[in-house]
Amino acid sequence: MRTTVLRFIIKFAIMAVMLLGLPLFGIFLAGYPMARYLEFPPESRYVQHAPFSWTVFAAYTIFILAVAVPLIITAVRAFRSSETRVSAAATFPWWGWLGLVCGLISWLLAWTRFDWFASLQPHTFPPLWISYILVVNGLSYRQAGHCMLTARPGFFLLLFPSSAVFWWFFEYLNRFVQNWYYEGVRFSPSEYFWYATLSFSTVLPAVLGTRDLLLRADWLQVGFKDLLSLKWPRLYLLGWISLLFASLGLAGIGVLPNLLFPLLWISPLLIIVSLQILMNEHHILLDVSRGDWRLVMACAAAAIICGWFWEMWNYFSLARWIYSIPFVHRFQIFEMPILGYAGYLPFGLECAVIGTMLERLNPAWSRLVT
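Keep in mind that this is a model prediction, so the values were computed, not measured.

How each quantity is defined
Residues numbered from 1 in each chain as written. Predicted model: local features only at pLDDT ≥ 70, side-chain atom pairs only at ≥ 80, totals over all residues. Heavy atoms only, no water. Helix = DSSP H or I, 4+ residues; strand = E, 2+ residues; numbered from the N terminus. Contact = heavy atoms within 4.5 Å. Polar contact = N/O pair within 3.5 Å; in protein donor to acceptor, adjacent residues only side chain to side chain. Phe/Tyr/Trp six-rings, centres within 6.5 Å; stacked < 30°, edge-to-face > 60°. Buried < 20%, exposed > 50% of the residue type's maximum accessible area, 1.4 Å probe, protein only. Lys NZ or Arg CZ within 6 Å of the ring centre and 35° of its normal. Axes fitted to C-alpha atoms, helices over the stretch in contact; angles between N-to-C directions. Parallel < 35°, antiparallel > 145°, perpendicular 65-115°, else oblique. Left-handed = near helix turned anticlockwise from the far one by under 90°. Nonpolar A, V, L, I, M, F, W, Y, C, P; charged D, E, K, R; others polar. Disulfide = S-S within 2.5 Å. Salt bridge = Lys/Arg side-chain N within 4 Å of Asp/Glu carboxyl O. Expected span 1.5 Å × (residues − 1). Core = buried A, V, L, I, M, F, W, Y, C linked by side-chain atoms within 4.5 Å. Pairing = 2+ DSSP bridges. Patch = residues over 30% accessible without salt bridge, like charges linked within 9 Å, V, L, I, M, F, W, Y side chains within 5 Å. Areas by Shrake-Rupley, 256 points an atom, 1.4 Å probe, with all protein chains shown as cover.

Observations regarding the environment of Ser201
Logical step 1: As for its position among the elements, Ser201 is in the loop between α7 (189-200) and α8 (203-215).
Logical step 2: Taking the C-alpha atoms as reference points, Ser201 and Ser162, separated by 39 residues in sequence, lie 7.2 Å from one another.
Logical step 3: Apart from the residues within four sequence positions on either side, Ser201 is in contact with Leu159, Phe160, Ser163 and Ala164.
Logical step 4: At 2.6 Å, the side chain of Ser201 and the backbone oxygen of Leu198 are in polar contact.

Put into structure tokens, the structure is as follows:
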């Protein structure tokens, strides 16, 4: 147990130092004013984003389709050949119904502007997502007779503060690329911190709860339990190379934000997986090397599903975010450019590896959902 906790602390400390320190170190070497990157709340706009480019858009599109289309085809074939479940292990729980009702009410309040609700109008995000978390856990409970909320309540509760810390890292990295910003309301620094932290605390419970639901799907078991095995030669060397790549990318992200902005989503994943490789721990690449793509697919799909709801509920809300993505900012679905949804794929894997790190803190939490 002590060894597990110590390993967790070491990985978290290295990741935190790299994510927080390297971007600042890069802009320091470039001679940029550091104060603007530490503004709180972040309101100044100082990154000049590159205009739309058909060449870059086409290149990103080809790459994304090359990765995604074979997996989508596999999923569709597996869905068609899998058996449809006609029975449930349990009834949909009362707290799931409560989440559904509260979610519909919260949705209505988020997208309308009643005078009597004006003081609470900026705070509709947490009720929406707490409701979503209850509903998705309720669906898992109905399907299997247990879910994260009932079977692993300690882990479930730990996800909320961990999620807040997790997403604050992305908010910090966004200061160097400014791919999104918030509008609609203004808060003092203390209000901004606490209200944002409350909203950020729902990210991991939502994604991992959706992952647990998808892991029980027949089509996922049929199509991705024994798929293509990707062997990773000289894995230890790959870990060092990935760690070096992430380090250089983070150091340059504020200097070349138009070119390196995708590393905002990729670097945290590279760091964590590289550290797991170098510390001889189980990591997500091992499953893929054995041909088991279930966890990868479930996490990526869970992030896409949550991303759809994030972007949809954001669209007509008062407190909302707006995107500004270099080269590819066109063909928006809600506020998000269509290619921006690809960022949810590595984000889902990041949620998974963070969840795995937390699960290992307690042996009772570390069993996979079946």
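Structure's up, so let's keep going.
Structural notes on the packing of aromatic side chains
Logical step 1: Inspection of the entire model under this criterion finds 51 aromatic pairs.
Logical step 2: For the pair Trp54 and Phe331, a centre-to-centre distance of 5.9 Å together with 55° between the ring planes defines the contact as tilted. A residue pair is termed long-range when its members are at least 10 positions apart, and Trp54 in helix α2 (residues 54-81) and Phe331 in the loop between β2 (320-323) and β3 (332-333) qualify at 277 residues.
Logical step 3: Classification of Trp54 by relative accessible area gives exposed; the value is 54%.
Logical step 4: The cationic tip of Arg45 hangs over the ring face of Tyr181; the distance from NZ or CZ to the ring centre is 3.8 Å.
Logical step 5: Over the ring of Phe52 we find Arg330; its NZ or CZ atom is 3.9 Å from the centre of that ring.

Focus on the packing of helix α6 (residues 153-177) against α7
The axes of two packed helices give the description: the angle between them and the distance between them.
Logical step 1: Two elements in contact, α6 and α7, have axes separated by 8 Å at closest approach and are oriented at 115°. In terms of axis orientation, α6 runs roughly perpendicular to α7. Between α6 and α7 lies a crossing of right-handed hand. Touching Ser163, Ala164, Trp167, Trp168 and Glu171 of α6 are Tyr192, Phe193, Ala196, Thr197 and Phe200, all from α7.

Overview of the side chain of Ser162
Logical step 1: With respect to the helices and strands, the residue Ser162 is situated in helix α6.
Logical step 2: One polar contact links the side chain of Ser162 to the main-chain carbonyl oxygen of Leu158, over a distance of 2.9 Å.
Logical step 3: Other than its neighbours up to four places away in sequence, Ser162 contacts Leu204 and Leu358.

Some thoughts on the packing of α8 against helix α15 (residues 344-359)
Logical step 1: Following both chains from N to C, one finds α8 and α15 inclined at 95°, their axes separated by 10 Å at the closest point. Between α8 and α15, the angle is such that the two are roughly perpendicular. Where α8 approaches α15, its residues Val203, Leu204, Val207, Leu208 and Arg211 are matched on the opposing element by Phe347, Cys351, Ala352, Ile354, Gly355 and Glu359.
Logical step 2: Taken together, the residues of the contact of α8 with α15 sort by class into 8 nonpolar, 1 polar and 2 charged.

Some details on the state of the cysteines
Here, disulfide denotes a covalent bond that connects the sulfur atoms of two cysteines.
Logical step 1: Enumeration over the complete set of coordinates arrives at 0 disulfides.
Logical step 2: Cys147 provides the cysteine sulfur closest to Cys102, a residue in no disulfide bond, and the two sulfurs are 17 Å apart.
Logical step 3: Here Cys299 stays free of any disulfide, with the sulfur of Cys351 as its closest cysteine sulfur at 7.9 Å.

Observations regarding the pattern of salt bridges
Side chains that differ in charge, positive against negative, can pair when their charged atoms come close.
Logical step 1: A complete count under the given rule lists 11 salt bridges for this structure.
Logical step 2: Residue Arg186 pairs with Glu43 through a salt bridge whose shortest N-O separation is 3.2 Å. Of the two residues, Arg186 is situated in the loop between β1 (180-183) and α7 and Glu43 in the loop between α1 (2-30) and α2; the sequence distance between them amounts to 143 residues.
Logical step 3: Glu43 sits in the partly exposed class, given a relative accessible area of 41%.

Some details on helix α4 (residues 125-144)
Logical step 1: Taking 1.5 Å of rise per residue, 20 residues should cover 28 Å, and α4 covers 29 Å from first to last C-alpha, within 8% of that figure.
Logical step 2: Residues Pro126, Leu128, Trp129, Ser131, Tyr132, Ile133, Leu134, Val135, Val136, Asn137, Gly138 and Ser140 constitute the buried set of α4.
Logical step 3: Where the residues of α4 are buried, they touch α3 (94-111), α5 (148-151), α6, α7, α8 and α14 (294-315).
Logical step 4: Where α4 ends, the next residue or the one after it, Gly145, has phi of about 85°, a positive value.

Examining the nonpolar core
Logical step 1: In this structure, Ile271, Trp310 and Phe347 are the most contacted members of the largest nonpolar core, which totals 101 residues.
Logical step 2: A total of 14 residues in this core trace back to one element, the largest contributor, which is α6.
Logical step 3: Non-local contacts of Ile271, meaning those with residues more than four positions away in its chain, are made with Met15, Met18, Leu19, Leu243, Ala246 and Leu250.

Here's the deal with the side chain of Lys11
Logical step 1: Looking at where Lys11 falls in the secondary structure, it is placed in helix α1.
Logical step 2: Contacts of Lys11, omitting those with residues within four sequence positions, involve Leu275, Gln276, Met279, Glu281 and Met357.

A look at the pairing of β2
Logical step 1: Burial along β2 is two-sided: the residues Arg320 and Ile322 and Trp321 and Tyr323 are all buried.
Logical step 2: Bridging between β1 and β2 involves 4 bridges; their strand directions are antiparallel. Looking across to β2, one finds that Trp180 is bridged to Tyr323.

Focus on a nonpolar patch on the surface
Logical step 1: The grouping of Phe25, Phe28, Leu29 and Met34 at the surface amounts to a nonpolar patch, some 420 Å² of accessible area in total.
Logical step 2: Among the structural elements, Leu29 can be located in helix α1.
Logical step 3: Note on Leu29: relative accessible area 59%, which makes it exposed.

A short note on α1
Logical step 1: The terminal C-alpha atoms of α1, which comprises 29 residues, lie 42 Å apart, in line with the 42 Å expected from a rise of 1.5 Å per residue.
Logical step 2: What α1 keeps buried is the set Phe8, Lys11, Met15, Ala16, Met18, Leu19, Pro23, Leu24, Gly26 and Ile27.
Logical step 3: In this structure, the buried side of α1 is in contact with α6, α10 (235-252), α12 (263-278) and α15.

The quantities given are spatial measurements derived from coordinates; they are silent on function.
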